[in-house]
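# Summary of the model geometry
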Amino acid sequence: MTDHEAAGILVEQDDAVLTITLNRPEARNAQTPAMWRALADVGAGIDPAIRVVVLKGAGESFSAGLDRRMLSPEGIEGEPTFLTTAQLDDAGFDAQIAEYQEGFTWWRNPQFVSIAAVQGHAIGAGFQLALACDIRIVADDVRLNMKETALGLVPDLGGTKPLVEAVGYQRALELCATSRIVGGREAQAIGIALASVPREELDATVADLTAALIVPQHGAVTALKELFTGASDRSYDEQRGRERSYQRGRFSAMLNQLGGNS
């Protein structure tokens, strides 16, 4: 068993596609710090040939969120308990959460397009991990829920920004403050998911999308992803400037391909 497998994830590469499967189905893929470190390790070592990363959950649910043992006094062997973390000074607390977040921050790397295939429960950390990806395809049985507020906490694994980007401020506030469940049809309607499909069609839908994303020239897709990243934070004129800059790079690449760079 590899270190990644011991931490609860499977990693498979098929040419330009990397598939990462959360593999604790007996625990509905509940997440642990070891899993977050394993995800961060995968992100740090991505093969340059990878063009699409697919994130899946084994079994009935994508991820039921945080392993509840982390909230118990006993905790998880070898890991700090939440009580221990709460007693850290500001710098120590910040460093601890920042380490956890590293498993969630690399999915928008412009090198590839990341797709979350989400079925069943995607609760708390599970919801945030799905939000970390560029695109979400959900099954019609999905149950998305930002549970943290019900526990007296806030989402802290990088999920707040992509959620606001997807659904807007007021809807994001409502979803998190009420901790209500969002089903597949609503997830598509409000922009959390690109599509909601019958459970039995989830894998095929993701496979079709993956195949379509590999067809265009990789450099153009990379530039497009970089262009879109942060677009909402830039002015119209700033964004037009970015378009010109990236297009210059694409024209230069085309000329190089055609041998016209002499």
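Residues numbered from 1 in each chain as written. Predicted model: local features only at pLDDT ≥ 70, side-chain atom pairs only at ≥ 80, totals over all residues. Heavy atoms only, no water.

### What to know about the nonpolar core
Just so we agree on the cut-off: To form a nonpolar core, buried Ala, Val, Leu, Ile, Met, Phe, Trp, Tyr and Cys residues must be joined to one another through side-chain atoms within 4.5 Å. A simple rule labels every residue: compare its accessible area, found with a 1.4 Å probe on the protein chains alone, to the largest value its type can have, and call it buried under 20%, exposed over 50%, or partly exposed in between. Numbering of helices and strands runs from the N terminus; a helix is a DSSP stretch of H or I covering at least four residues, while a strand is a stretch of E covering at least two. Here, two residues are considered to be in contact whenever any of their heavy atoms come within 4.5 Å of each other.
Among the nonpolar cores identified, the biggest contains 48 residues, and Trp107 and Leu163 are the most heavily contacted of them. The element best represented in this core is helix H5 (residues 125-132), accounting for 6 residues. Ignoring any residue separated from it by four or fewer positions in sequence, one finds Leu163 in contact with Phe127, Leu131, Met146, Gly168, Ala172, Leu175, Cys176 and Ile192. Counting residues in each nonpolar core, the second largest holds 16 residues, with Val17, Val113, Ile137 and Val197 among its members.

### A few points about a nonpolar patch on the surface
Stated formally: Patches draw on residues past 30% relative accessible area with no salt bridge. Two like charges within 9 Å are joined, as are two nonpolar side chains (Val, Leu, Ile, Met, Phe, Trp, Tyr) within 5 Å. Accessibility throughout is a Shrake-Rupley quantity obtained with a 1.4 Å probe, and a residue counts as covered only by protein chains that appear here. Whenever Lys or Arg places a side-chain nitrogen within 4 Å of a carboxyl oxygen from Asp or Glu, that contact is recorded as a salt bridge.
On the surface, a nonpolar cluster with roughly 230 Å² of combined accessible area is contributed by Leu71, Leu151 and Leu153. Within the fold, Leu71 resides in the loop between strand E3 (52-57) and helix H3 (82-86).

### Thoughts on unusual backbone geometry
One non-glycine residue, Arg28, lies in positive phi territory at about 50 degrees. As for its position among the elements, Arg28 is in the loop between strand E2 (17-22) and helix H2 (33-44). Despite not being glycine, Ser179 has its phi angle at roughly 55 degrees, a positive value. Residue placement: Ser179 occurs in the loop between helix H7 (169-178) and helix H8 (184-190).

### A short note on the side chain of Ser114
Selection rule: What qualifies as a polar contact is a pair of N or O atoms within 3.5 Å, subject to a donor-acceptor requirement within protein and to the restriction that residues adjacent in sequence count only when both atoms come from side chains.
Residue placement: Ser114 occurs in strand E4 (residues 113-118). Within the local environment of Ser114, its side chain forms a polar contact with the backbone oxygen of Trp107, the two atoms lying 2.7 Å apart. Setting aside residues no more than four positions away along its own chain, Ser114 makes contact with Val53, Trp107, Cys133, Asp134, Ile135 and Lys225.

### Overview of the pattern of salt bridges
One pass over the structure, following the stated rule, counts 15 salt bridges. Between Glu60 and Arg199 there is a salt bridge; the shortest N-O distance is 4.0 Å. Of this pair, Glu60 sits in the loop between E3 and H3 while Arg199 is found in the loop between strand E8 (195-197) and helix H9 (202-214), placing the two residues 139 residues apart along the sequence. The exposure class assigned to Arg199 is partly exposed, which follows from its relative accessible area of 26%. Among the ionic contacts, a cluster of salt bridges with common partners joins Arg108, Lys161, Glu165 and Asp233.

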